Amino acid sequence: MDVWPSYSRARNRPSVKSVGGRRFGRGEMKRGRRALEIEDSDGYFGSYGQAEIHEEMLSCRRTDAYLAALEAAAPSLIHGKAVLDVGCGSGVLSLACARLGARVVYAVEASGMAVLADRIVSDNGMAGVVKVIRGRMEEVSLPEKVDLLISEWMGSFLLYERMLPSVLHARDMWLLPSTGAMLPSRARLWLAPYRDEALWEEAARFWTRPVHGFDMSAMLPLSLHEATSKPRITLAPPDGILSSPAVLADFDLATISHPGPATRGAPLVAPFHFRSHVSTSGFVGFVGWFDVQFRPGGAWLGTSPLEPPTHWQQVIYFWDSPWDASLAQDDELHGTLQVEHAESNGRCLTVRIECHHSRRRHAAGSAHTPVALSGVGTSADSGGGSES
């Protein structure tokens, strides 16, 4: 079943709905009696015309990290320079660049929020520096090339929402060759095996006891399936990580090709190898997150379970049958992660993980256990396989 995302309150936290004949696609923000409409096939730009989502992003520590990085870069990259802000939203980063001495800031925003961003710029007395341009980055024309390109383009598991291709287009078209800089400049994708020993109890609790005096345990298999049939975007407890995490992709944003794994081009395929630090009966799958580096050798913004939370949280991908998945200390997991954008909606991801589980303390050898997982905002793409 193909599914499409309906963009909910939190950015990158999609609720998944079957297409079912319903057409998603018209976002609307009202200002007085005037409706600002975004024609958009998947509802993406319309979702950013809402105040709640901007409140959440501006309240997140990611904004503080960006502002600190801009301040650190100001003497060499902002003061007296031309800046391009791709997806400026309410305009806070563009305003910060103006306050730090930019000669001009081109603030590009495709959603109806561009109207309010323009007003915010005027209200703060910076209309002479910040030029708000409403439109898709691929369709916008600037009067000059820029010294610095900034953007907060990341989605859940880094690549969800597929905004990076717009940033790379802006880089190729409008960033000064040789001397131009990007902020952030580097992005990494992380994965680790994950346990949740309370998951079965939480999913089964209601149905394993009498409900209004009746045996309703027949509902249990459905409840267990629903608990793990889709990836879960949540704050994963740090003690759920079962081994040292691994970097599965490392993007230099100044050189990454376009198209590539972050577009509808070739999928990202990355091998992995983990060794469990502990024994557990609650090995339910894998947890993924990302981090970005603002400038080479500079500060990082991380979204790991080990760091303070962000609005991105983390993504948990479940085994097909997590209830039988146990792991002993020093067991090894090796396999591949494949990430590509869904055919039904290019802003969504399909994530597939195949994992081989080697029990080091048993002479029986290794068991080949395929893990077919649903992607962020997509349906499950189940794979086959047998033990060997």
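No experiment lies behind these values; they were computed from the predicted model shown. Along every chain, residues carry numbers that run from 1 in the direction the sequence is written. Only residues with pLDDT of at least 70 are given local features in this predicted model, and only at 80 or more are side-chain atom pairs given and counted; all residues enter the totals for whole chains, interfaces and linings. To get the side-chain values, all heavy atoms of the structure are used, and hydrogens and water are removed first.

Draft legend 1. Highlighting the packing of helix α3 (residues 61-78) against helix α4 (residues 92-99). With axes taken as lines fitted to C-alpha atoms, and helix axes fitted only over the stretch in contact, angles between N-to-C directions fall between 0 and 180 degrees. Working definition: helices are DSSP H or I runs of at least four residues, strands are E runs of at least two. Numbering for both runs from the N terminus. Relative orientation of the contacting elements α3 and α4 amounts to 35 degrees, with a least axis distance of 10 Å. For the pair α3 and α4, the crossing hand works out as right-handed. Here α3 contributes T63, Y66, L67, L70 and I78 to the contact with α4, which in turn contributes V92, L93, A96 and C97. Among the residues forming the contact of α3 with α4, the class breakdown is eight nonpolar, one polar and no charged. Put simply, a crossing is left-handed when the front helix is turned counterclockwise from the back one by less than a right angle, and right-handed when it is turned clockwise. The contact definition used throughout considers only heavy atoms, calling two residues in contact when any of these lie within 4.5 Å. Note on residue classes: Ala, Val, Leu, Ile, Met, Phe, Trp, Tyr, Cys and Pro are nonpolar, Asp, Glu, Lys and Arg are charged, and everything else, Gly too, is polar.

Draft legend 2. Representation of the packing of aromatic side chains within the structure. The rule is short: rings of Phe, Tyr and Trp, with Trp giving its six-membered ring, pair when the centres are within 6.5 Å, and they are stacked under 30 degrees, edge-to-face over 60, tilted in between. Taken as a whole and judged by the stated rule, the model has ten aromatic pairs. Ring centres 6.3 Å apart and planes at 5 degrees place the aromatic pair W190 and W289 in the stacked group. Pair noted here: W190 is in strand β10 (residues 186-195) and W289 is in strand β14 (residues 283-293), with a separation of 99 residues, a long-range link. Classification of residues uses two cut-offs on accessible area relative to the type maximum, computed with a 1.4 Å probe and protein chains only: under 20% is buried, over 50% is exposed, and between them is partly exposed. By relative accessible area, which is 17% here, W190 ends up buried. By relative accessible area, W289 is classed as buried at 4%. Note on F274 and F286: the rings are 6.2 Å apart at their centroids and 40 degrees apart in plane angle, and the pair reads as tilted. Placement of F274 in strand β13 (residues 268-275) and of F286 in strand β14 is noted, with a sequence separation of twelve residues between them.

Draft legend 3. View of the pattern of salt bridges. Criterion for a salt bridge: a side-chain nitrogen of Lys or Arg within 4 Å of a carboxyl oxygen of Asp or Glu. Taken as a whole and judged by the stated rule, the model has eleven salt bridges. Close ionic contact of E197 with R195 constitutes a salt bridge, the shortest N to O distance being 4.0 Å. For R195, a relative accessible area of 23% puts it in the partly exposed group. When the shortest N-O distance is used, the salt bridge between R352 and E340 registers 2.5 Å. Of this pair, R352 sits in strand β18 (residues 349-358) while E340 sits in strand β17 (residues 332-341), placing them twelve residues apart in sequence. R352 sits in the partly exposed class, given a relative accessible area of 28%. The partly exposed category is assigned to E340, whose relative accessible area is 23%.

In short, geometric facts, not functional conclusions.
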